[in-house]
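Below, each chain spelled out in residue letters.
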Amino acid sequence: MARLATYTPASIPTVNLAGTPMTAGDEATFAGTGRTKTEWVPDEPHTAPFKIDGTDATTPAISGKTTADSVRRGDTGGPPLREADNGPELVGLATRSWQGGCLGTPETETRTNAEAVRTDDLGEWISSIANRAWTRQIAAGDFSGDGKADLLAPRNADTFCTYTGNGTGNFAAPVITQP
């Protein structure tokens with residue numbers, strides 16, 4: 001989640017947050033930018049119809065409506081969207097896939113189903129974060145000067161945490177600093 005310095009509604013499309021969870025048998029459209037069967041880095045996002053196989057308290061299990069539909073490598077974080085009377089609504093974010101049919105995945109991997117995390121229960125939390133005066137966008141860059149990506153994130157209204165990267169996608173424990 002990021003706060004934009006300026007916002008022009010016509011230039012950035014938005015989607016409503018679902019108010020109810022998906023249930024087994026429901027359908028959604030998944031959108032992603034990860035690999036496809038033939039492209040390592042696609043030029044455009046792709047979509048596919050999915051069905052909800054089942055859910056628990058936090059995680060809907062999803063699968064493509066056909067064997068060609070799959071959440072693939074690079075699609076993590078992509079949204080499953082459900083059609084509603086007032087337009088599409090966000091019902092989750094993809095968190096895991098088995099990548100069957102994905103370019104570079106062994107042909108022995110045939111599973112094309114995936115998991116997502118529910119978002120229908122986040123409305124109150126999103127509002128509380130968005131309305132905090134100190135909320136800022138997380139920043140990434142080489143803040144330590146070692147040539148590896150680091151993260152800077154707000155801790156509260158007066159302090160920030162710097163997470164020093166090790167170059168492999170992992171970060172050291174946060175160092176708390178005051179601006």
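Here the structure is shown first, and the text comes after it.
What you see is a predicted model, and the numbers here were worked out from it, not measured in a lab.

Caption draft 1: Fine view of the packing of aromatic side chains. The full count for this structure, using the stated rule, is one aromatic pair. Between F30 and F50 the ring centres are 5.8 Å apart and the planes differ by 70°, which places this aromatic pair in the edge-to-face class. Here the residue F30 occupies a position in strand β2 (residues 27–32), and F50 occupies one in strand β3 (residues 46–55), the gap between them amounting to 20 residues. In terms of burial, F30 and F50 fall into one category: buried.

Caption draft 2: Geometry of the nonpolar core. Membership of the largest hydrophobic core is limited to 12 residues, which are A18, M22, A28, F30, A48, F50, I52, I62, V71, V91, A94 and A114. Elements represented by at least two residues in this core include exactly β2 and β3. It is β3 that provides the largest number of residues to this core, a total of three residues.

Criteria and cut-off values
Residues numbered from 1 in each chain as written. Predicted model: local features only at pLDDT ≥ 70, side-chain atom pairs only at ≥ 80, totals over all residues. Heavy atoms only, no water. Phe/Tyr/Trp six-rings, centres within 6.5 Å; stacked < 30°, edge-to-face > 60°. Helix = DSSP H or I, 4+ residues; strand = E, 2+ residues; numbered from the N terminus. Buried < 20%, exposed > 50% of the residue type's maximum accessible area, 1.4 Å probe, protein only. Core = buried A, V, L, I, M, F, W, Y, C linked by side-chain atoms within 4.5 Å.

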